[in-house]
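Observations on the model geometry
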Amino acid sequence: MSSPHLASATAAPADDGVLATPRKVLAAALVMIVAQLAFRAWALNGSWYRFDDANFMSKLMSDGLSADLLFHGFAGHLMPGAFALTAWNFSLDPYAWAYPAVELLILQAVADLGALVFLCSAFGKRRGILPPLAVFLFSSISLPAFLTWGPGITQLPFLAAIFWGSWTHLTYLRTRRFRWALLTMLITLAAIAFGEKAMLLFWPYTVLALGWFATGDILTRVRTVAGRYLPGVLLYGVVSIGSAVAYLTLGAGSSKAAASSDANGFALVTQRFLFESWAPGVVGGPLRWKWIEGNSAGWAEPGAVVSVLAVGVLALLTYELARTRSIALRAWWLVGGIVVIDIALITAIRAGGVGADIALAYRYLTDTIAVTAMALALATLPLLGAVETLAPTRTSAFLDVPKRVAVATAIVTALGLFSSYSYAEGWHDDDNTRRYIDTVRADLADVEEPLPMADGPVPEWMVWGASYPYNQVSRVLRPLSDKMDFPRASTDNLYLVDEDGHIRPAAVDTVRRSVGAVDATPSLDRCTLRVRQTPLQVGLDGGVEGAGWWIRIAYVAGAKDAGRMRVTAGDHSYDVEIEPGFRSLYVRTGEGRFDTVGFQSLTPGSKPCLGGIEVGEVVPFGDPISGPGGED
């Protein structure tokens, strides 16, 4: 997985063979990038908005692109760039996947080209850059975030900035020209604007400076870098500290994350992360995926054999590097720092509520594949222009044999493509969000007037209940508001969206009923409970507490009874229209507790007759409005 012929820091590839010239190396790298982009374009073509994307849609459609959203964040994330671009896409067509798909593919191309530019600048156009480039391009680690909009638009800019920022930073370290430091910080701030995790960019900047552009012990290196690059150190310090303070002040408070895990939880997350996720992913795994109901993303499931083999391969490679190359292991600091931070973040923010298995979700490892590829290059190739650089200490039976390196690279690439293909196929099959929304839109296609709808949560696999109120149908499906109305009261007709996305009539699943002198089948001639202008209280057979219950009230009214009536449930009152005939009135309750329902006629002469009163949750009843049985 590396290149031979590392004898000097400035030597260009001059070996015999297919990749003997810089031009051929560059051509091979570009072919690899085109192949990866073609594969990922196919994967995107079968994708759509999923899970967190519905949160984006709900938040933006409900509240708009406000200053609060841009600068105070959402769910613990500060990402004004991501929200601004998402809002622009939704303004064109909230259900058109083409816009985000093209943008994700462009960002992937930017990251790929950044990797190539960094590798060529850092090590020259030599064939040794192709194995780390292949690891970055074809590992499945970065695929899950790429395939979905929410994680993709926050992590792909970070991924691109790792390479582009490291390239400009490396140029600054070589030249000490301040404009390169300034450009590095502009790239960094652009990535941070799409997601605060991009603040981790300062780790590779630090490792490159201390590890390769200074000598001596760690304190001597720090003094050397601080003295030699003082303007840049001050600039980097201001940007890093300012970014951290801005996030902690503005965005951190928006988190609703579960409580952090304990030390045992940290150990379990570390085990999952290193041995079952990262290590298999680096060498082409995990080969198998586990698809969990209620979670639209697949989780790595390499199995014990694959995990042991992956760790063994990386251990052997590390041993060979330490045995045959000077300062090679220094490169692992680059990976180690990012991995430790990622594990700490997962443990603190996610594992407490979901468990250690959350480390099997590759969307939380996306950045690790970029720094792993960079570290592989630094551990196997001399860094051009560095103060300290790598050199061979003895011949390696693997690293110094080009054909063996090529075979190993081809195997890792093939396995990575297989794992990526398996994930993409599973992702395409689990397209529940798209089916749900397409079903809703199909049912509403012929609706001319907005239907009175009972609001409620969308399925948990679409948006978690912890996102309330942004998991409500009225918010997630806001683009269809011209077809749906969500009233607090409705006469005769009430509909809801079922688990499959069909629009169906709603019925009250009764948990409380009216008691006393109530006629379940009232008539105008014989009325035991008539509503007049004097307030009337009707008792229930038990108390009801909390918002979101529905009350169904049966009544009959003559032509002269048309007018308005006030219904009171607890502290909440509803003024409703009284319509002649036998009617069912549906009223949604507010917060608080009540065990009676109050009535009062607001129109002189209007005296409707009450029938039964039922309180409960609404449930689907009857066929979808699109027809018997609905659509497949």
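Residues numbered from 1 in each chain as written. Predicted model: local features only at pLDDT ≥ 70, side-chain atom pairs only at ≥ 80, totals over all residues. Heavy atoms only, no water.

Quantified by volume, the second largest pocket comes out at close to 830 Å³. Around the second largest pocket sit 34 residues that line it, and Asp455, Gly456, Pro457, Gln472 and Arg588 are the ones nearest its centre. Counting residues per element, the ones that place at least two in the lining of the second largest pocket are helix H19 (473-476), strand S6 (495-497), strand S11 (572-578) and strand S14 (609-620). Ranked by the residues each element gives to the lining of the second largest pocket, the list is headed by S14, at four residues. (1 Å grid on protein atoms, 1.4 Å probe; cavity = no way out; pocket = protein on both sides within 12 Å on 5 of 7 lines; lining within 4 Å. Points joined across faces, edges and corners; volume = space filled by probe spheres on them. Helix = DSSP H or I, 4+ residues; strand = E, 2+ residues; numbered from the N terminus.)

In total, this model carries 21 aromatic pairs according to the counting rule given. Aromatic side chains Phe118 and Phe123 sit 6.3 Å apart centroid to centroid with 85° between the ring planes, which places their arrangement in the edge-to-face category. The buried category is assigned to Phe118, whose relative accessible area is 0%. With 6.0 Å between their ring centres and 85° between their planes, Tyr436 and Trp461 make a pair best called edge-to-face. Of this pair, Tyr436 sits in helix H18 (residues 432-443) while Trp461 is found in the loop between strand S3 (451-452) and H19, placing the two residues 25 residues apart along the sequence. Residue classification places Tyr436 among the buried positions, given a relative accessible area of 2%. An aromatic cluster is present here, built from Trp48, Tyr49, Phe90, Tyr95 and Trp97 joined pairwise through their rings. Note that Arg40 overlies the ring of Phe146, its terminal NZ or CZ placed 5.1 Å from the centroid. Taking the ring centre of Trp427 as reference, the NZ or CZ of Arg50 above it sits at 3.8 Å. (Phe/Tyr/Trp six-rings, centres within 6.5 Å; stacked < 30°, edge-to-face > 60°. Buried < 20%, exposed > 50% of the residue type's maximum accessible area, 1.4 Å probe, protein only. Lys NZ or Arg CZ within 6 Å of the ring centre and 35° of its normal.)

Pairing in this open sheet of four strands is antiparallel, and the strands run S8-S13-S10-S11 from one edge to the other. Sheet topology places strand S8 (536-545) and S11 at the edges, where each strand pairs with a single neighbour. Across this sheet, the average inter-strand angle for adjacent strands is 20°, counted without regard to direction. Direction of pairing for strand S10 (residues 563-569) relative to strand S13 (residues 593-601): antiparallel, over a ladder of five bridges. For Val567, the partnering residue across the bridge sits in S13 and is Phe599. (Pairing = 2+ DSSP bridges. Axes fitted to C-alpha atoms, helices over the stretch in contact; angles between N-to-C directions.)

Turning next to a nonpolar patch on the surface. A contiguous nonpolar patch, built from Phe178, Leu182, Leu183 and Leu186 and spanning about 340 Å² of accessible area, is present on the exposed surface. On the secondary structure map, Leu183 appears in helix H9 (residues 178-194). We classify Leu183 as partly exposed; its relative accessible area is 34%. (Patch = residues over 30% accessible without salt bridge, like charges linked within 9 Å, V, L, I, M, F, W, Y side chains within 5 Å. Areas by Shrake-Rupley, 256 points an atom, 1.4 Å probe, with all protein chains shown as cover. Salt bridge = Lys/Arg side-chain N within 4 Å of Asp/Glu carboxyl O.)

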